[in-house]
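Below, each chain spelled out in residue letters.
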Amino acid sequence: MTSDIEYYKQLSKMVRTKQDKINFFDQNQKAFYVDFYSDIWSKMMLEYAKAENLSSEQLNKIEEMKWIEMPNNLKLFAYDFCILNGFVFTGVGSK
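Residues numbered from 1 in each chain as written. Predicted model: local features only at pLDDT ≥ 70, side-chain atom pairs only at ≥ 80, totals over all residues. Heavy atoms only, no water.

## Looking at the packing of aromatic side chains
For any pair of aromatic rings, geometry is given as the distance between the ring centres together with the angle between the planes. Counting across every chain of the model gives 13 aromatic pairs. Ring plane angle 70 degrees and centroid distance 5.0 Å describe the contact between Tyr7 and Tyr8, whose orientation is recorded as edge-to-face. Between the aromatic rings of Phe25 and Trp67, the centroid separation amounts to 4.2 Å while the plane-to-plane angle is 0 degrees, which identifies the pairing as stacked. Within this pair, whereas Phe25 is found in helix H2 (residues 18–27), its partner Trp67 is found in the loop between helix H4 (56–64) and helix H5 (72–84), the two being separated by 42 residues in sequence. Each member of the pair, Phe25 together with Trp67, is buried. One aromatic cluster is present, formed by Phe24, Phe25, Phe32, Tyr33, Trp41, Trp67 and Tyr79 through successive ring pairs. (Phe/Tyr/Trp six-rings, centres within 6.5 Å; stacked < 30°, edge-to-face > 60°. Helix = DSSP H or I, 4+ residues; strand = E, 2+ residues; numbered from the N terminus. Buried < 20%, exposed > 50% of the residue type's maximum accessible area, 1.4 Å probe, protein only.)

Here you go:
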């Protein structure tokens, strides 16, 4: 797991733009689940639902989507929440 975290940490250092974040999300699903002891994805989805004022039905529809088909605004939110500000990736945003 530690080597996975380091790998994704290094990869995330190349992310600069919104499109980079979307591409990172699309290509690195495992990065969002690398800490299997954490429920960061669930927490992120709850926060996303609040931010977007989604009903539980709308949220369920998103969760049932294929990874690559999820909305871009979710991909950006997830990157910021899980990678930039996630506990596992502490220090990713700093240079």
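## Brief notes about the nonpolar core
Of all hydrophobic cores here, the largest spans 24 residues; its most connected members are Phe24, Phe32, Trp41, Met44 and Ile83. Only helix H1 (2–12), H2, helix H3 (40–52), H4 and H5 provide two or more residues apiece to this core. Non-local contacts of Trp41, meaning those with residues more than four positions away in its chain, are made with Phe25, Phe32, Tyr33, Trp67, Met70, Ala78 and Cys82. (Core = buried A, V, L, I, M, F, W, Y, C linked by side-chain atoms within 4.5 Å. Contact = heavy atoms within 4.5 Å.)

## Quick notes on the environment of Trp67
Under the relative-accessibility criterion, Trp67 is labelled buried at 11%. Considering only alpha carbons, one finds Trp67 and Asn28, 39 residues apart in sequence, at a separation of 10.0 Å. The residues contacting Trp67, other than those within four sequence positions of it, are Phe25, Asp26, Gln29, Phe32, Tyr33, Trp41 and Lys75. Here Phe25 takes part through its backbone oxygen, which lies 2.6 Å from a polar atom of the side chain of Trp67. (Polar contact = N/O pair within 3.5 Å; in protein donor to acceptor, adjacent residues only side chain to side chain.)

These figures capture arrangement, not role.
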